[in-house]
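Each chain, letter by letter, is given below.
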Amino acid sequence: VVLSDLRQSFLDRVAAELPGVPLETAIVDINQPQTGLGQFDLMFSTNCIHVAKDLPVTLGWIRRCLKPGGALVLGEGSHYSEVVPSPVSLVLSLFDGWWDVPTSPERPQPGFLLPEHWFAAFEAAGYRNMSMERWTDGRRTFGGVYWAFV
């Protein structure tokens, strides 16, 4: 198990809460993909990958870190639509990185992506068998858990 973040203090705090779990920690910046992190069966991220400044590069780097048959699992929030942000995004937009993401037809706004944008990004990066468990109230999607395989 490799636990990663941008801040060593966070990694130290989480590792201290998991006594007896054999784990390593690593400082990882998704905007500066690095080599030598290792090969993994599974990579899991929660509300992180949406702030990648170059989503295709980041997803490609993650794919190369996965073993054949490996899976990427993301827990990500979602805007309600291309014109209506979620309330959570209003709070998160106060953090560094939210607005630094360039927009494009594939990514029409900064912050969270809509499910259709995630699936298109996964496919463009070479993933297969993508799916999602939606978090919804029946009218709006708040996000979900996505998985995609190498």
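The shown structure was predicted, so the numbers you read here are calculated from the model rather than taken from an experiment.

Draft legend 1. Spatial organisation of the pattern of salt bridges. If you walk through the whole model with that rule in mind, you get 4 salt bridges. Of the charged contacts in the structure, one is a salt bridge between D5 and R7, with a shortest N-O distance of 3.5 Å. R7 gets classed as partly exposed once you look at its relative accessible area, which sits at 46%. For R139, the salt bridge is made with D137, and the minimal N-O distance between the two is 3.6 Å. When its relative accessible area of 35% is taken as the criterion, D137 is described as partly exposed.

Draft legend 2. A look at the side chain of H117. Take H117: it is sitting in helix α4 (residues 115-124). Among all residues touching H117, those that are not within four sequence positions of it are E82, E106 and P108.

Draft legend 3. Fine view of the environment of R139. With respect to the secondary-structure elements, R139 resides in the loop between β5 (128-136) and β6 (141-149). Taking the C-alpha atoms as reference, R139 lies 32 Å from I62; in sequence the two are 77 residues apart.

Draft legend 4. Examining α4 more closely. Along α4, the residues classified as buried are P115, H117, W118, A121 and F122. Taken down its axis, α4 places every buried residue within 160° of arc, on the same side. Facing away from the buried side of α4 by over 90 degrees, the exposed positions are E123 and A124. Elements that come into contact with the buried residues of α4 comprise α2 (55-65), β4 (66-77), β5 and β6. Looking one or two residues past α4, G126 carries a phi angle of roughly 95°, positive in sign.

Draft legend 5. Expanded view of a nonpolar patch on the surface. A cluster of nonpolar side chains, V1, L18 and V21, forms an exposed patch at the surface whose accessible area comes to about 260 Å². Mapped onto the secondary structure, V1 falls in the segment before β1 (2-5).

Draft legend 6. Here's a closer look at the nonpolar core. Formed by 25 residues in total, the largest nonpolar core has its most connected members in L59, L72, F122 and Y127. Where this core is concerned, the elements lending two or more residues are β3 (40-46), α2, β4, α4 and β6. Element by element, the count of residues in this core is highest for α2, at 5 residues. Excluding residues that lie within four positions of it along the chain, L59 makes contacts with I49, L72, A121, F122, A125 and Y127.

About the cut-offs
- Residues numbered from 1 in each chain as written.
- Predicted model: local features only at pLDDT ≥ 70, side-chain atom pairs only at ≥ 80, totals over all residues.
- Heavy atoms only, no water.
- Salt bridge = Lys/Arg side-chain N within 4 Å of Asp/Glu carboxyl O.
- Buried < 20%, exposed > 50% of the residue type's maximum accessible area, 1.4 Å probe, protein only.
- Helix = DSSP H or I, 4+ residues; strand = E, 2+ residues; numbered from the N terminus.
- Contact = heavy atoms within 4.5 Å.
- Arc of directions from axis to C-beta.
- Patch = residues over 30% accessible without salt bridge, like charges linked within 9 Å, V, L, I, M, F, W, Y side chains within 5 Å.
- Areas by Shrake-Rupley, 256 points an atom, 1.4 Å probe, with all protein chains shown as cover.
- Core = buried A, V, L, I, M, F, W, Y, C linked by side-chain atoms within 4.5 Å.

None of this, on its own, says anything about what the molecule does.
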